[in-house]
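Here is what each chain is made of, one letter per residue.
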Amino acid sequence: MGRHKIKENLILQDIILDRNTVRYKFSVSAGLRPYFTTDEMYVRYDRDVSHLPESILVIPFVGSIIALTWLTDSILWVKEIDDTFYHSIKELKRAYQELYPHYPLGGRFVAAYRKPNVVENEEYSQSLLLFSGGIDAHTSYIRNINKHLLLCNVQGWLHTPDAESEAQKADFRDIKYFAEIHSNECSLIKSNFALIVDARYFAKHISSRLHDSWWHGFQHSMAFISIAIPIAYIHGICELLIASSHSIGAKGICASYPTTDTEFRFARNGYVTHDGFELTRQDKVRLLVKHQQATGKPYPIRVCSFNDHNCCVCSKCFRSIMGIIAEVGEIEKFGFDIPGNKKAFFENYIKHHYIEFGIDREAALFWPEIRRRIRQNYELIADKELVDWFCSTDFVKQRKKAVLKYRITNFFPLLIKKLKS
């Protein structure tokens, strides 16, 4: 008989509570150790969670890390877990296996106890919406505006509970303000979940076979949803909403997908809705523009994930600006501030940044739909100079020329750098 491979172990040793902060102390066996940058994950909530059962409080840790045990065929051990969440993990794993059929998912999840919990329904209709402040999130907010929404933002890139970043502070500030003026409650959460796995080691040992990264392929959606579950439980909320990142028919997949997100279950009545998958990105922009025009009030959004404002020059900002203009919207109403002539502004910037500007992907995925809407709404669009330039310029060809020129001009420095690497 052949010998069975001895599996690696990840053990949750202790959960330490301090009112609104939860610390998860864990240990790993030797084979897993290089994947980790720390032996502690934390989540700092903006309200007291110390009265919650451990079987609910353990969910953020399990949801944030269990996929790594699937990918490394390891065992995750915990003391106790919510019974509904425990049973949903089997279907969640199956759904991710369908997304990545070329990479067999193994591993086991072992809990000493499975505890029954129940979300107690409130008298009014309430849902928790994971809310980043970008186009996807605002689309889901508008589509579900008649529900009593609790807006939940999770920041996962902070090494310690007291750490702050300019982007994180701006996110919290903007979301809190948005919630206040629209009479919504919000929950602002800090964590280090995005830092506990060594992204470089993962890329070296798994990404080439998975054809995806840890963050994009598995972690972000699983962590956001799991970390929000204790807040939903506190407020007696059954429905947790997460905005779609992709659309029906799109080739791309990622951790947040309708077949995976909707497999999350918790506390008997708790479930997840993956919202807006039937909409293209331009459909979402159209919805935002119509909503803003109907209210007549500014509706600021922020699409720059790691800036404290919309920079107006990155590919995400450019895509969003052109999408709004294509729907005959005023970009100033949405938080994009560009002084002077917009065509000259973008033409000058892109000309000097062709190398780092993500043109190939943008031109393939987003620009065709934007250009189609420009043609349909052309007579209504005021800035024809800008849209004429955008629709007539072959940005991909221009970028190829820029890249060739850069390589010729920097041939020897690039050669030396390649030889050293």
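As a starting point, this report considers the structure included with it. (Residues numbered from 1 in each chain as written. Predicted model: local features only at pLDDT ≥ 70, side-chain atom pairs only at ≥ 80, totals over all residues. Heavy atoms only, no water.)

1. A look at the overall build of the protein chain
Part 1: Along the protein chain, the regular secondary structure elements total 16 helices and 11 strands.
Part 2: The proportion of buried residues among the 421 residues of the protein chain is 52%.
Part 3: The contacts of the protein chain with a sequence gap of at least 6 include a subset with a gap of at least 24, amounting to 72%.
Part 4: Total accessible area on the protein chain is roughly 20,500 Å²; 53% of this is exposed by carbon and sulfur atoms.
Part 5: Each charge class in the protein chain was averaged separately, 55 positive and 48 negative side chains, and the resulting centres sit 8 Å apart. (Helix = DSSP H or I, 4+ residues; strand = E, 2+ residues; numbered from the N terminus. Buried < 20%, exposed > 50% of the residue type's maximum accessible area, 1.4 Å probe, protein only. Contact = heavy atoms within 4.5 Å. Areas by Shrake-Rupley, 256 points an atom, 1.4 Å probe, with all protein chains shown as cover. Lys, Arg positive; Asp, Glu negative; His and termini not counted. Charge placed at Lys NZ, Arg CZ, Asp CG, Glu CD.)

2. Side note on the state of the cysteines
Part 1: One pass over the structure, following the stated rule, counts zero disulfides.
Part 2: Its sulfur unpaired, Cys186 is 9.2 Å from the next cysteine sulfur, which belongs to Cys152.
Part 3: For Cys186, a relative accessible area of 14% gives the class buried.
Part 4: Not part of a disulfide, Cys238 finds its nearest cysteine sulfur in Cys152, a span of 16 Å. (Disulfide = S-S within 2.5 Å.)

3. A few points about unusual backbone geometry
Part 1: Phi at Ser183 is positive, roughly 60°, even though this residue is not glycine.
Part 2: By the secondary structure assignment, Ser183 is in the loop between helix H5 (166-181) and strand S8 (185-191).
Part 3: Positive phi, close to 45°, is recorded for Ala267, a residue that is not glycine.
Part 4: Looking at Ala267, the relative accessible area reads 0%, which means it is buried.

4. So, helix H14 (residues 384-392)
Part 1: Three or more residues of H14 are buried, namely Leu386, Val387, Trp389 and Phe390. For H14, the angular spread of the buried residues around the axis is 160°, confining them to a single face. (Arc of directions from axis to C-beta.)

5. With respect to the pattern of salt bridges
Close approach of charged atoms allows side chains of opposite charge to pair.
Part 1: Counting across every chain of the model gives 28 salt bridges.
Part 2: Arg173 is paired through a salt bridge with Asp174; the nearest N and O atoms lie 2.8 Å apart. (Salt bridge = Lys/Arg side-chain N within 4 Å of Asp/Glu carboxyl O.)

6. Quick look at the sheet that holds strand S9 (residues 239-243)
Part 1: On the basis of which strands lie adjacent, the open sheet formed by 11 strands has the order S5-S4-S1-S2-S3-S8-S7-S6-S9-S11-S10 and mixed pairing. Because the sheet does not close on itself, it has two edges, and the strands there are strand S5 (108-115) and strand S10 (265-266).
Part 2: By the bridge criterion, five bridges tie S9 to strand S11 (residues 270-275) in an arrangement that is parallel. Bridging across to S11, Leu240 finds its partner in Val272. (Pairing = 2+ DSSP bridges.)

7. A short note on the packing of helix H10 (residues 315-326) against helix H13 (residues 367-376)
When two helices pack together, you describe them by how their axes are tilted relative to each other and by the distance separating the axes.
Part 1: The contact between H10 and H13 brings their axes to 8 Å, and the two run at 25°. Viewed along their axes, H10 and H13 adopt a mutual orientation that is roughly parallel. The hand of the H10/H13 crossing is left-handed. Contacts between H10 and H13 involve Phe318, Arg319, Met322, Gly323 and Ala326 from the former and Trp367, Ile370, Arg373 and Ile374 from the latter. (Axes fitted to C-alpha atoms, helices over the stretch in contact; angles between N-to-C directions. Parallel < 35°, antiparallel > 145°, perpendicular 65-115°, else oblique. Left-handed = near helix turned anticlockwise from the far one by under 90°.)

8. Some thoughts on the environment of Tyr378
Part 1: Along the chain, Tyr378 turns up in the loop between H13 and H14.
Part 2: In the structure, Tyr378 is positioned 10 residues away from Asp388 in sequence and 9.5 Å away in space, judged by C-alpha atoms.
Part 3: Filtering out sequence-adjacent residues up to four positions away, Tyr378 remains in contact with Lys384, Val387 and Asp388.
Part 4: Looking at Tyr378, its side chain comes within polar contact range of the side chain of Asp388, at 2.9 Å. (Polar contact = N/O pair within 3.5 Å; in protein donor to acceptor, adjacent residues only side chain to side chain.)

9. Some remarks on the pairing of S5
Part 1: Direction of pairing for strand S4 (residues 75-82) relative to S5: parallel, over a ladder of seven bridges. Directly across from Val78, in S5, lies its bridge partner Ala111.
Part 2: Handedness of the crossover is the feature at issue here: the chain leaves S4, passes through helix H3 (residues 83-99), returns alongside S5, and the resulting connection is right-handed. (Right-handed = clockwise from strand over helix to strand, strands pointing away.)

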